[in-house]
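Now for the letters of each chain:
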Amino acid sequence: GSSANQLKIPGADLKHVYPALQAIEHMDELGEKIVIIGGGVNGAEMALGLAQIDRKNVILVEMTNQIAAQANNLFKISFDMKVEKCEFHRHAPQIP
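Residues numbered from 1 in each chain as written. Predicted model: local features only at pLDDT ≥ 70, side-chain atom pairs only at ≥ 80, totals over all residues. Heavy atoms only, no water.

Here we come to the overall build of the protein. A count of helical and extended segments in the protein gives three helices and three strands. Listing the helices and strands of the protein from first to last along the sequence gives α-β-α-β-α-β. With 96 residues in all, the protein has 27% of them scored as buried. Partitioning the contacts of the protein with sequence separation of at least 6, the portion at a separation of at least 24 is 58%. Per element, the accessible surface of the protein, about 7200 Å² overall, is 55% carbon and sulfur. (Helix = DSSP H or I, 4+ residues; strand = E, 2+ residues; numbered from the N terminus. Buried < 20%, exposed > 50% of the residue type's maximum accessible area, 1.4 Å probe, protein only. Contact = heavy atoms within 4.5 Å. Areas by Shrake-Rupley, 256 points an atom, 1.4 Å probe, with all protein chains shown as cover.)

This part takes up the nonpolar core. If you look at the biggest cluster of nonpolar residues, it comprises 19 residues, and the most contacted ones within it are Ile-36, Ala-44, Leu-50 and Phe-79. At the level of secondary structure, the elements contributing two or more residues to this core comprise strand 1 (33–37), helix 2 (41–52), strand 2 (57–61) and helix 3 (73–84). Here the element with the most residues in this core is helix 2; it accounts for six residues. (Core = buried A, V, L, I, M, F, W, Y, C linked by side-chain atoms within 4.5 Å.)

It is worth spelling out the packing of helix 2 against helix 3 at this point. Interhelical geometry of helix 2 versus helix 3 gives an angle of 30° and a closest axis separation of 11 Å. When the axes of helix 2 and helix 3 are compared, the pair comes out roughly parallel. Relative to helix 3, helix 2 is oriented so that their crossing is left-handed. On the side of helix 2, the interface is formed by Val-41, Ala-44, Glu-45, Leu-48 and Gln-52, while helix 3 contributes Phe-75, Phe-79, Lys-82 and Val-83. Looking at side-chain class alone, the contact of helix 2 with helix 3 contains six nonpolar, one polar and two charged residues. (Axes fitted to C-alpha atoms, helices over the stretch in contact; angles between N-to-C directions. Parallel < 35°, antiparallel > 145°, perpendicular 65-115°, else oblique. Left-handed = near helix turned anticlockwise from the far one by under 90°. Nonpolar A, V, L, I, M, F, W, Y, C, P; charged D, E, K, R; others polar.)

Right under this line is the structure:
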């Protein structure tokens, strides 16, 4: 399994910033615009779910050049197909 890292950036301690599992528990408190930091399998699934099901405007930020890098190929293919059908923004650095 994975665990949430504590962000060391300004604003990470504000009341509307949640780790993924806490965000699920506070779905009614989430705004229309959501930034998810971390594009592993958990972050990717959460971002896609919020964009598809709850129609949120989601930005997924990942520090590597690949979303859900540890996922199997079936997940990646399914994820890419679903992303094409919803308003979803992926931000990953362009690494040569």
